[in-house]
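Observations on chain architecture
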Amino acid sequence: MRKIPFSVQILAGLVLGAALGFLARANDLSWLAGTLDTVGDLFVQLLKLAVPPLVFTAIVVSVVSLRGVTNAARLAGKTLLWFGVTALIAVGVGIGLGLLTNPGRGVSLDTAAATAPQRTGSWTDFLTGIVPTNPVGAFVENNVLQIVFLALVVGAAALLAGEVAEPFVAVNRSLLAIVQKALWWVIRLAPLGTLGLIGNAVASYGWDLLAPLATFTTAVYVGCAIVLFVVYPALLVTAGRLNPLRFFVGAWPAIQLAFVSRSSVGTMPVTQRSVERLGVPREYASFAVPFGATTKMDGCAAIYPALAAIFVAQVFGVHLGVTDYLLIAFVSVVGSAATAGLTGAIVMLTLTLSTLGLPLAGAGLLLAIDPILDMIRTATNVAGQALVPTIVAAREGTLDRAAYDSAGRRDLIDADEPARPTRQDEPAPALA
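Not measured: the values here are computed from a predicted model.

**Brief notes about the overall build of the protein**
Broken down by element type, the protein carries 21 helices and 0 strands. Every one of the 432 residues in the protein was classed for burial, and the buried ones make up 57%. Sequence separation of 24 or more characterises 85% of the internal contacts of the protein that already satisfy a separation of 6 or more. Counting only carbon and sulfur atoms, one obtains 66% of the accessible surface of the protein, whose full area is about 17,300 Å².

**Quick look at the packing of helix α12 (residues 244-261) against helix α13 (residues 264-277)**
Relative orientation of the contacting elements α12 and α13 amounts to 165 degrees, with a least axis distance of 8 Å. Classified by the angle between their axes, α12 and α13 sit roughly antiparallel to one another. As for the relative orientation of α12 and α13, their crossing is left-handed in sense. Residue-level contacts link G250, A251, P253, A254, L257, A258 and S261 of α12 to T267, V270, T271 and S274 of α13. Here the contact of α12 with α13 is composed, by residue class, of 6 nonpolar, 5 polar and no charged.

**Some words on the packing of helix α1 (residues 6-26) against helix α9 (residues 190-204)**
In contact at an axis separation of 7 Å, α1 and α9 are set at 30 degrees when each is read in the N-to-C sense. Compared by their axis directions, α1 and α9 come out roughly parallel. The hand of the α1/α9 crossing is right-handed.

**Points about the confidence of the model for the protein**
Confidence along the protein averages 83 in pLDDT terms, with 84% of residues attaining 70 or more. Overall, residues 422-432 carries pLDDT values under 50, and its contacts beyond four positions in sequence, including any with other chains, amount to 25 contacts.

**Overview of the side chain of N172**
Positionally, N172 belongs in helix α8 (residues 166-188). You can call N172 buried: its relative accessible area is 5%. Those residues in contact with N172 that sit more than four places away from it in its chain are F56, T57, V60 and V61.

**Focus: the state of the cysteines**
Considering all chains together, one arrives at 0 disulfides under this definition. Among the cysteines around C224, which has no disulfide bond, C300 carries the closest sulfur, lying 8.2 Å off. For C224, a relative accessible area of 0% gives the class buried.

**Section: the environment of V388**
Note that V388 resides in helix α19 (residues 370-396). Judged by relative accessible area, V388 falls into the buried class, the value being 1%. Residues V388 and L81 lie 307 residues apart in sequence; the distance between their C-alpha atoms is 9.5 Å. Residues within four places of V388 in sequence aside, it is in contact with T79, W82, F83, T86, Y284 and K296.

**Observations concerning the nonpolar core**
Considering soluble globular proteins, one finds that nonpolar side chains tend to be buried as a cluster. Core analysis: the largest hydrophobic core is formed by 114 residues, its most contacted members being F216 and F247. Not counting the four nearest positions on each side in its chain, F247 is found in contact with L236, L278, A383, A386, L387, T390 and Y404. Counting residues in hydrophobic clusters, the runner-up holds 7 residues, among them A18, A201, I372 and M375.

**As for the pattern of salt bridges**
Considering all chains together, one arrives at 9 salt bridges under this definition. A salt bridge links E396 to R74; the shortest N-O distance between them is 2.6 Å. Of this pair, E396 sits in helix α19 while R74 is found in helix α4 (residues 72-101), placing the two residues 322 residues apart along the sequence. Measuring nitrogen to oxygen at the nearest pair gives 3.4 Å for the salt bridge that ties R282 to E276. Taking the relative accessible area as the measure of exposure, R282 reaches 13% and is therefore buried. Exposure remark for E276: the relative accessible area of 1% places this residue in the buried category.

**Notes on a nonpolar patch on the surface**
A cluster of nonpolar residues, V39, L46, L49, L189 and L192, forms a patch on the protein surface that exposes about 440 Å² of accessible area. A per-element tally of the nonpolar patch places helix α2 (residues 30-49) first, with 3 residues. Inspection of the secondary structure puts L189 in the loop between α8 and α9.

**Thoughts on the side chain of S286**
On the secondary structure map, S286 appears in helix α14 (residues 282-295). Classification of S286 as buried rests on a relative accessible area of 11%. A distance of 2.8 Å separates a polar atom in the side chain of S286 from the backbone oxygen of E283. Apart from residues no more than four positions distant in its own chain, S286 is found in contact with A58, S62, S65 and Q272.

**Things to note about α14**
With 14 residues, α14 should cover 20 Å at 1.5 Å per step; its first-to-last C-alpha distance of 20 Å lies within 8% of that length. Taken across its 14 residues, α14 has 13 buried, putting it largely inside the fold.

**Topic: the packing of aromatic side chains**
A ring pair, where both rings are aromatic, is described by two values, the distance of the centres and the angle of the planes. On inspection of all chains with the given rule, the structure shows 7 aromatic pairs. Between F83 and F291 the ring centres are 6.1 Å apart and the planes differ by 25 degrees, which places this aromatic pair in the stacked class. Of this pair, F83 sits in helix α4 while F291 sits in helix α14, and the two are 208 residues apart along the sequence. For F291, a relative accessible area of 15% corresponds to the buried category. Centroid distance F216 to Y304: 6.1 Å. Interplanar angle 65 degrees. Geometry classified as edge-to-face. Placement of F216 in helix α11 (residues 214-240) and of Y304 in helix α15 (residues 299-315) is noted, with a sequence separation of 88 residues between them. Relative accessible area serves as the criterion here: at 0%, F216 is assigned to the buried category. Each member of the aromatic cluster is reached from another via a ring pair, and the members are F83, F287 and F291.

The rules we used
Residues numbered from 1 in each chain as written. Predicted model: local features only at pLDDT ≥ 70, side-chain atom pairs only at ≥ 80, totals over all residues. Heavy atoms only, no water. Helix = DSSP H or I, 4+ residues; strand = E, 2+ residues; numbered from the N terminus. Buried < 20%, exposed > 50% of the residue type's maximum accessible area, 1.4 Å probe, protein only. Contact = heavy atoms within 4.5 Å. Areas by Shrake-Rupley, 256 points an atom, 1.4 Å probe, with all protein chains shown as cover. Axes fitted to C-alpha atoms, helices over the stretch in contact; angles between N-to-C directions. Parallel < 35°, antiparallel > 145°, perpendicular 65-115°, else oblique. Left-handed = near helix turned anticlockwise from the far one by under 90°. Nonpolar A, V, L, I, M, F, W, Y, C, P; charged D, E, K, R; others polar. pLDDT = per-residue confidence, 0-100. Disulfide = S-S within 2.5 Å. Core = buried A, V, L, I, M, F, W, Y, C linked by side-chain atoms within 4.5 Å. Salt bridge = Lys/Arg side-chain N within 4 Å of Asp/Glu carboxyl O. Patch = residues over 30% accessible without salt bridge, like charges linked within 9 Å, V, L, I, M, F, W, Y side chains within 5 Å. Polar contact = N/O pair within 3.5 Å; in protein donor to acceptor, adjacent residues only side chain to side chain. Expected span 1.5 Å × (residues − 1). Phe/Tyr/Trp six-rings, centres within 6.5 Å; stacked < 30°, edge-to-face > 60°.

What follows is the structure, given as structure tokens:
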């Protein structure tokens, strides 16, 4: 299998999964649909298993790594600024498409039967939910937002403590390397995971279910495609003076894996390796990528909530004014951390709906097709997480442009293992 490029393996899994899904649905083969569902669920569970230790150790190490980065505060500020700028552009695309397509107009759904999802979000819950009641509970409950908070606090304390904290940091580096190694094995199973996930999606969602939401589904995919293939290339050319094609060649393994896995955090090792191979210095990439994997969500937190809010308002007959659209943009830029890198964007959607005063039950209307939408949303998220460090490094003059121009000449998954965290007292290895 190693002789077959990983991207080809993923594509083969996608095609075979779709074919098996059609076969299961057309012939009512419940055993086949169940098998596909089990294979896909096992792959996602394996990814989720690595999330708590991966997020904590990656952020702790990345914060401490800022000690060896020149002008670290400025780099962190510019990273956050570009996160906000790209999110604002993405939500603008979502609002514009919503006004153009009117995805909820003429849709006949039983709104009386719609119920609010079990996981909902509000500003109060979001703010109070950041701080865990106890550190163990955050890991047991797999609350990524609380784990991020703990990791940032611990990482900052270790950074300020200096040499006395180095043994603790060394343990985190070792644990991060172990988790990344194990996760790399899971990533190699992505072709099988793709087969199961895509096959189950095709077997479960027929046209009879998608038809009422066809306009909305199309708008989400078109909006993400505009951001991916129009906005991002434009930013690469204008802000970074970079060839967009080389970026997509280098970042495509991460974007592709994100599409099938629907997990930004699960894709994070591939994203970081992709960014490093694009020429971004490892010390900066080790901060920007983990941070972006939990907070940078152009698909889930910008395009999707904007379109979904317009859809819900039109279905329930609620008029949205200019102030409401400004609120959508505000929530998308400020509240994106609520998605926290996990599959799905329901918490972010309910946060947007509650801010606008729209019925939370409206989110229930979209739950049925959420996995279909989440694939393109997560691919957009991960592309943005790779884009921002690349642009910032280019503008700072630290991007290795020779590495950028040669990125993607070897198969990323087969050619490399996860990057070993760099110690502060040793130079970063030369980029391939």
